[in-house]
Amino acid sequence: MMCMFFKQIKHRGDNFSYIIADESTKEAAIIDPSFNTEAIIRVVENEDFDVKYVVNTHSHVDHTAGNEEIVSKFKAKIVAYKSAKGNNDISVVDGDVLKLGAVIIKVMHTPGHTPDSICLLVDGKLLTGDTLFIGECGRTDLPDGSAEEMYDSLLHKLTMLEDSVEVYPGHDYGSTPHSTIGMEKRTNYTMQKRSLREFISFMGAA
Ligand SMILES: [Zn+2]
């Protein structure tokens, strides 16, 4: 039977990192190590985890700043979407899976905030990076952002998931640190049904 360890860690600046592991094999992945890695390292050492992967939901520095420290300390491999810049050991695309013992992490490509944005689906939990926040979605007005791609990611990909899937974002911007797809579909204004044209105009993009 699969038994998963899952921990959300909040950093200053409202970034979230996540630790996922198989409790029996102790294989672990760190998602988005941010500027402050102390709390992550403490958990890994306390639990005696074997960190196999560092996974970045996209290549913005507040999600990758801790990569080098985690990799050099635990000899992990850096995983990112194939178009991500940087020293990545493993390139992934939509539908790929990463295994930690019996724990299976599925990659969903969800561009919009950046072209290399991915969400990670693991045991009924979706790690959404800067694609979907609680009550909000990621900015699309930064360099390489695309409101059109965000529309497709939110309204054609994430809305297809079961309502019960839990949402764990890359920043603590909402009223709660996590939510569900069903709750976001009901209450998040960015996930309401609308045309692409309406979506683009309300995202403030040209
Ligand atoms: Zn970002």
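Description of the structure in this document. Within each chain, residues carry numbers counting from 1 in the order of the written sequence. Side-chain atom pairs in this predicted model are given and counted only at pLDDT of 80 or more, local residue features only at pLDDT of at least 70, and totals for whole chains, interfaces and linings cover all residues. Note that water and hydrogens are dropped before the side-chain values are worked out from all heavy atoms of the structure.

What follows concerns the overall build of the chain. A tally of regular secondary structure across the chain gives six helices and 14 strands. Computed over its C-alpha atoms, the radius of gyration of the chain comes to 16 Å, within 12% of the 17 Å expected for a compact globule of 206 residues. Along the first, second and third principal axes, the C-alpha atoms of the chain reach 50 × 35 × 30 Å. Taking all 206 residues of the chain together, the buried fraction comes to 52%. Any two residues whose heavy atoms approach within 4.5 Å at even a single point are treated as in contact. Within the chain, contacts between residues at least 6 apart in sequence are counted, and of these 57% link residues at least 24 apart. Here the accessible surface of atoms and residues is derived via Shrake-Rupley with a 1.4 Å probe, and residues count as covered only by protein chains that are part of the display. When the accessible surface of the chain is totalled, it reaches about 9,400 Å², and 49% of it is carbon and sulfur. In this tally, Lys and Arg are treated as positive and Asp and Glu as negative; His is ignored, and so are the chain termini. To locate a charge, the coordinates of NZ of Lys, CZ of Arg, CG of Asp or CD of Glu are taken. Of the side chains in the chain, 21 bear a positive and 31 a negative charge, and the two mean positions are spaced by 1 Å. Strands are runs of DSSP state E lasting at least 2 residues, helices are runs of H or I lasting at least 4, and numbering of each runs from the N terminus. Every radius of gyration here is taken over C-alpha atoms, with the globule rule written as 2.2 Å times N^0.38, N being the number of residues. Burial status follows relative accessibility: with a 1.4 Å probe on protein chains alone, a residue under 20% of its type maximum counts as buried, one over 50% as exposed, and anything between as partly exposed.

Note that water is not among the atoms used; donors are N, O and S atoms within 2.8 Å of the metal (3.2 Å for Na, K and Ca), so sites may look incomplete. With distances of 2.2 to 2.3 Å, the protein atoms coordinating the zinc ion are His 58 (NE2), His 60 (ND1), His 113 (NE2) and Asp 130 (OD). Angles of 90 to 174 degrees at the metal separate the four donor atoms of the zinc ion, which places the site in the irregular class. Each donor residue of the zinc ion lies on one chain, and together they are spaced H-x1-H-x52-H-x16-D. Taken together, the residues His 60 in the loop between strand 4 (50-55) and helix 2 (61-64) and His 113 in the loop between strand 8 (103-109) and strand 9 (118-122) connect sequence positions 53 residues apart. The class of His 113 is buried, set by a relative accessible area of 4%. Only two sets of limits are used to name each site, 85 to 135 degrees for every angle of a tetrahedral four-donor site, and over 155 degrees for opposite donors with all other angles from 65 to 115 for a square planar four-donor or octahedral six-donor site, with any other site named irregular.

A few words on the environment of Arg 194. As for its position among the elements, Arg 194 is in the loop between helix 5 (181-187) and helix 6 (196-202). As a C-alpha pair, Arg 194 and Thr 25 span 169 residues in sequence and 45 Å in three-dimensional space. Not counting chain neighbours up to four residues away, the residues in contact with Arg 194 comprise Tyr 151, Tyr 189, Phe 199 and Phe 202.

This part is about the sheet that holds strand 9. Strand pairing is assigned whenever DSSP detects at least two bridges linking the two strands. Strand order in the open sheet formed by six strands is 7-8-9-10-13-14, and the pairing between neighbours is mixed. Because the sheet does not close on itself, it has two edges, and the strands there are strand 7 (97-100) and strand 14 (179-180). Of the strand pairs in this sheet, strand 8 and strand 9 are connected by four bridges, and their pairing is antiparallel. Across the sheet, the residue bridging to His 109 is Ile 118, located in strand 9.

Side chains on a regular strand alternate between the two faces of the sheet. As paired strands, strand 3 (residues 27-31) and strand 4 are joined by five bridges and run parallel to one another. Directly across from Ala 28, in strand 4, lies its bridge partner Val 51. One crossover worth recording links strand 3 to the parallel strand 4 by way of helix 1 (residues 38-47), and it is right-handed. Of the pairings in the sheet, the one linking strand 4 to strand 5 (residues 77-81) comprises three bridges and is parallel in character. Paired with Tyr 53 across the bridge in strand 5 is Lys 77. By convention a crossover is right-handed if, when the strands point away from the viewer, the path from the first strand over the helix to the second runs clockwise.

On their own, these measurements won't tell you what the molecule is for.
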